[in-house]
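Topology and contacts: notes
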Amino acid sequence: FNADGSRFIFLHRWKLEAGGWETRLFTASPDGADICLLADHEIVSHFDWLGSSHVLAWARYHDVGDRFFLYGDQTDARAIVGDGILTRDGHCSYSPDRRWILNDAYPNRDNHRTLMLFRPEDDTRVDIGEFYTMPDAGGEIRCDLHPRWSRDGTRVCFDSTHEGERQVYVIDVADIVAH
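Anyway, here's the lowdown on the structure attached to this text.

A word on the overall build of the chain. The helix and strand inventory of the chain stands at one helix and 14 strands. Each principal axis of the C-alpha atoms in the chain carries an extent, and together these give about 45 × 45 × 30 Å. Burial statistics for the chain: of 179 residues in total, 41% are counted as buried. The long-range share in the chain, meaning contacts at least 24 apart out of those at least 6 apart in sequence, stands at 34%. As presented, the chain carries roughly 9600 Å² of accessible surface, and 49% of it is formed by carbon and sulfur atoms. Positive and negative side-chain charges in the chain, numbering 19 and 31 respectively, have mean positions lying 2 Å apart.

What follows is the structure, given as structure tokens:
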């Protein structure tokens, strides 16, 4: 649900007979009325509300490629967020004060996942960690970081297997987000 509870968001995803997936991103009123199609592409992924009228989501557009986009709910507004800086899909979420985006990335060639903060107002990215993921831990036993904020926005929590077993970790980011 958005910040004021007036809209919710959902993915409509289906598998193609030829393989692969198609996905659409919708918003609607709590009673299911006023449905709005925000994105209709083969790739639409992780998302978060920015207040009550905007949605950040990873999507693919053939004219610009894969990016994070900020959509205006119930409008045609669409803007790229973090162009050239947030270059990989991840589990994005806004800080409680909505000034920062917390995001992770799927494993790179060295099987490391990056955990990062991004401040849209000035395109500042701060990598707060890089965590090894076991390459044989795929499918149902894989461990995405799934980062999330503390309620006061001074810490982030994430899942990881970088020490050989699945654990939950906390990083203090108070000094970073204070700027």
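Inspection of the entire model under this criterion finds ten salt bridges. The residue D144 makes a salt bridge to R142 at a minimum N-O spacing of 3.2 Å. Residue D144 is classed as buried on the basis of its relative accessible area, which comes to 5%. The network of salt bridges with common partners includes R113, R142 and D144.

What counts, and at which threshold
Residues numbered from 1 in each chain as written. Predicted model: local features only at pLDDT ≥ 70, side-chain atom pairs only at ≥ 80, totals over all residues. Heavy atoms only, no water. Helix = DSSP H or I, 4+ residues; strand = E, 2+ residues; numbered from the N terminus. Buried < 20%, exposed > 50% of the residue type's maximum accessible area, 1.4 Å probe, protein only. Contact = heavy atoms within 4.5 Å. Areas by Shrake-Rupley, 256 points an atom, 1.4 Å probe, with all protein chains shown as cover. Lys, Arg positive; Asp, Glu negative; His and termini not counted. Charge placed at Lys NZ, Arg CZ, Asp CG, Glu CD. Salt bridge = Lys/Arg side-chain N within 4 Å of Asp/Glu carboxyl O.

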